[in-house]
Each structure stands twice: as C-alpha cells, then as structure tokens.
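Residue-level structure breakdown
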Amino acid sequence: MAEQEESGEDVKERYISKYHEYLCDLAVKAIEKNPFEFICTMLRVSGCEDEGWDTLSSAKETLKDFNKCLQQAYEQKDFRAATRIGLVMYCHLVEMTVGHELIFNTLRCLDGQKYTMWPFKNLIDVRNKNNPKRKKQVIPPSAKKKFGEIKTLAQKLNENGIIKCIDEIFSEEIRNAVSHSDYIVTDEYFRMREGGYPRQIDLQTINEFICKCFAFYDAMLFWNNKWLESFAQIPKYLKLPNYEVLELQSENNIVNGFAIHFSNGHKASYSRSKCSELVNIIINGNGTISPTCGRFDLLEKKWKIDNKPSEEYGMDFNSDNYSR
C-alpha cells in the first residue's frame, strides 16, 4: 500500500508540473495581449466588500479542513473513507466559481476582451421574470455550463490545451452522483444509480481522476499566487499609452491593488486586502470596469504621478530618451 501511495504522489506531482507549465504559457500570452486586464484577473477585481467576503480565502480554508480528514483516513487505513472524502473535495473544486472565472478571464484577455466580474452572466437563468404574480428565481449556471463556455472560447483561440485539461479533470456524471449522494463506494468500485440505470467505475480510475483534479487546482491556485508575487518584483510604476501611470500596490511582497494616475492629478484605484475597495472606478452592466479620469479639460500630454512629473519618482517617462 505504501508503494501505491508514493506512486500516487508521483503522479500528482507530474500533473501539477504539467498543468502549471500550461497555465504559465497561457498567462504569458495574456500579458502580452492585455497586461492591465490580466492584472485585474489575478487580483479578481470586485466591487467594495467588507472583510469576510473573499470566497477564495474561504475555499482554501475549507480545503485545509478536508485535507485534515483525508490525512486522518489514510493514517487509519480507512481507504473507503479516504475515497469518499476525496470525492467530496472533488465536487468542491470543480464547482468553485473563482476557478472558472480565473481561467475564463485569462482567455478573455487573450481574446482582446476586458476583464469582467461576471464572466458567466449570460448563462444565468431567471425564471418567472415575465410573471408579476410569481417571485423571480435566479438560477446560477452549473459547472457543466461554465466549463462548456470556457471550452468554446478556448476552441476559438486554438487553446486546445485548456480543453484537454478540462476533459481530464471534469466529469459531470461523477460530480452529479456525488452531489446528489447517489453513489456507493465498495472495495473495488464507485457505483452510481442516477440517470436511469446502475453502473460502476473501478476505483483506480476514480482515484486517478481525483488525483488529476487535485493537481490542476493545486497548480492553478499556486499560479494565481505566484503571478501576484511576481508583479511585486517589477517596477512599481508603469507607463500606459494615454498619459496614465499604473501604480502596482503591494503588501507582504504580493500585489494586492493598483492605482491609475491621470495627468490632471485625478486617481482611480482598487485594493484587495482584508476588504475590497474600489475608488473612482465605474462597474459597467457587463461587469467590466472603467476608471474615471476626472476633468477632461485639465488633462495634459504628460505622464504624472499624484500631479507631479513622473521624473520626481525616478520614472523619466516624459524624456525623449525613454523607451519601454
């Protein structure tokens, strides 16, 4: 049994490396195409939120709790329990909205589109919206629909790698059976009844599926964090095309916000620390954001930071010798 566990860890590490390499390649292309929108994607820009509303932080804490139970099951050699806990964790991961949004918004960047807080708004089903006698019901899109939308955009961009990743980690059949508690785990098989007929999948196949899913989300969460760390290592002030300066703001060596400085002294900003704060930024109906520039008549064809020439900050953006 020890050899099987070691082999499983080796498989997981191999898939983590594979998925991380692909996600990094995807990110590099997104940055080249649309750097500001990719920064917004990694920051998960949202509206103003009090402390305690970050679903990603909560999801990570939940996974830690699950991992404690999983470790305990392995220590007790209760492998059926380990499989059941692994399946619940599997559902938690593939249903995680923030994961869908990170991938889809990265693809949107690559497609030349803007970051949006609500990338799957078009998939929301509103029932009874034309019936004033009945209360409206908002039905959020399923994981299957969101993964389908991601694959459609990936296919348009010839990003077949992400399609392969999704096919390797997502099974609507397994997710549905576990979410509806309509399954049985034996010493050899994962058995399902929902869908009209009983069927079974051998546990080795199920465990490989779970292993790949864990590896993908480990790689994705690490990828998200590493990009925010890497942004903290580049110059704090970046020259934007229309005489704006982008300031990257950091906390504990990780970028957690930005400010856009306009030449008239106006500033728009976003920060995500314990809470989320949006200042002088409009949230559009489709979830994209539009920083406001203040008075147009005071704008100059110069790059300024807090209404001071960029040279005062060591950024000689206005010099004829400056090149990016």
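Summarised in this report is the structure supplied together with it. None of the values given here were measured: they were computed from a predicted structure. (Residues numbered from 1 in each chain as written. Predicted model: local features only at pLDDT ≥ 70, side-chain atom pairs only at ≥ 80, totals over all residues. Heavy atoms only, no water.)

With that settled, consider the overall build of the chain. Looking only at helices and strands, one finds nine helices and 14 strands in the chain. Projected onto its principal axes, the C-alpha positions of the chain cover 70 × 60 × 40 Å. Within the span of the chain, comprising 324 residues, buried residues form 44% of the whole. Considering only residue pairs separated by 6 or more positions, the chain has 61% of its internal contacts joining residues 24 or more positions apart. (Helix = DSSP H or I, 4+ residues; strand = E, 2+ residues; numbered from the N terminus. Buried < 20%, exposed > 50% of the residue type's maximum accessible area, 1.4 Å probe, protein only. Contact = heavy atoms within 4.5 Å.)

Right, let's get into empty space enclosed by the protein. Summed over all chains, the structure comprises one cavity of 30 Å³ or more. If you trace the largest cavity, you find it lined by Gly99, His100, Ile103, Phe147, Ile150, Ile162, Ile166, Phe216, Tyr217 and Met220. Mapped by element, the contributors of at least two residues to the lining of the largest cavity are α5 (97-110), α6 (143-156), α7 (160-169) and α9 (203-231). (1 Å grid on protein atoms, 1.4 Å probe; cavity = no way out; pocket = protein on both sides within 12 Å on 5 of 7 lines; lining within 4 Å. Points joined across faces, edges and corners; volume = space filled by probe spheres on them.)

Here the focus is the pairing of strand β9 (residues 267-272). The sheet contact formed by strand β8 (residues 254-262) and β9 spans five bridges and is antiparallel. Residue pairing for β9: Ile260 is matched across the bridge by Ala268. Bridge analysis of β9 against strand β10 (residues 276-279) gives four bridges, and the strand direction is antiparallel. The residue of β10 that forms the bridge with Tyr270 is Leu278. (Pairing = 2+ DSSP bridges.)

Here five strands make up an open sheet; going across it, the order is β6-β7-β8-β9-β10 and the pairing antiparallel. With one partner strand each, in any of the chains shown, β6 (237-239) and β10 form the two edges of the open sheet. On average, adjacent strands in this sheet sit at an angle of 15° to one another, irrespective of strand direction. On top of the sheet, helix α2 (residues 35-43) reaches β7 (244-251), β8 and β9; it is set at about 140° to β8, its chief contact. (Axes fitted to C-alpha atoms, helices over the stretch in contact; angles between N-to-C directions.)

What follows covers the sheet that holds strand β5 (residues 199-202). Strands sit in the order β3-β4-β5 across an open sheet of three strands; the sheet is antiparallel. Looking along the sheet, the strands with just one partner apiece sit at the ends: β3 (183-185) and β5. The average undirected angle you get between the axes of adjacent strands in this sheet is 20°. The sheet contact formed by β3 and strand β4 (residues 189-192) spans three bridges and is antiparallel. From the neighbouring strand, Tyr183 faces β4, where its bridge partner is Met192. Contacting β3, β4 and β5, helix α8 (residues 172-179) crosses the sheet at an angle of about 75° to β4. Sheet contacts for α9: β3, β4 and β5; angle to β5, the most-contacted strand, approximately 70°.

Taken together, Ile124, Val126 and Val138 make up a surface patch of nonpolar side chains, about 220 Å² in accessible area. Mapped onto the secondary structure, Val126 falls in strand β1 (residues 125-127). On the basis of relative accessible area, Val126 is assigned to the partly exposed category, the value being 30%. (Patch = residues over 30% accessible without salt bridge, like charges linked within 9 Å, V, L, I, M, F, W, Y side chains within 5 Å. Areas by Shrake-Rupley, 256 points an atom, 1.4 Å probe, with all protein chains shown as cover. Salt bridge = Lys/Arg side-chain N within 4 Å of Asp/Glu carboxyl O.)

Glancing now at the layout of surface pockets. Here the second largest pocket is characterised by a volume of approximately 810 Å³. Lining the second largest pocket we find 32 residues, and of these Thr55, Thr97, Glu101, Met117 and Trp118 sit closest to its centre. Mapped onto the lining of the second largest pocket, the elements with two or more residues apiece are α3 (55-75), α5 and α6. No other element matches the five residues that α5 contributes to the lining of the second largest pocket. Residues that form the lining of the second largest pocket fall into these classes: 16 nonpolar, eight polar and eight charged. (Nonpolar A, V, L, I, M, F, W, Y, C, P; charged D, E, K, R; others polar.)

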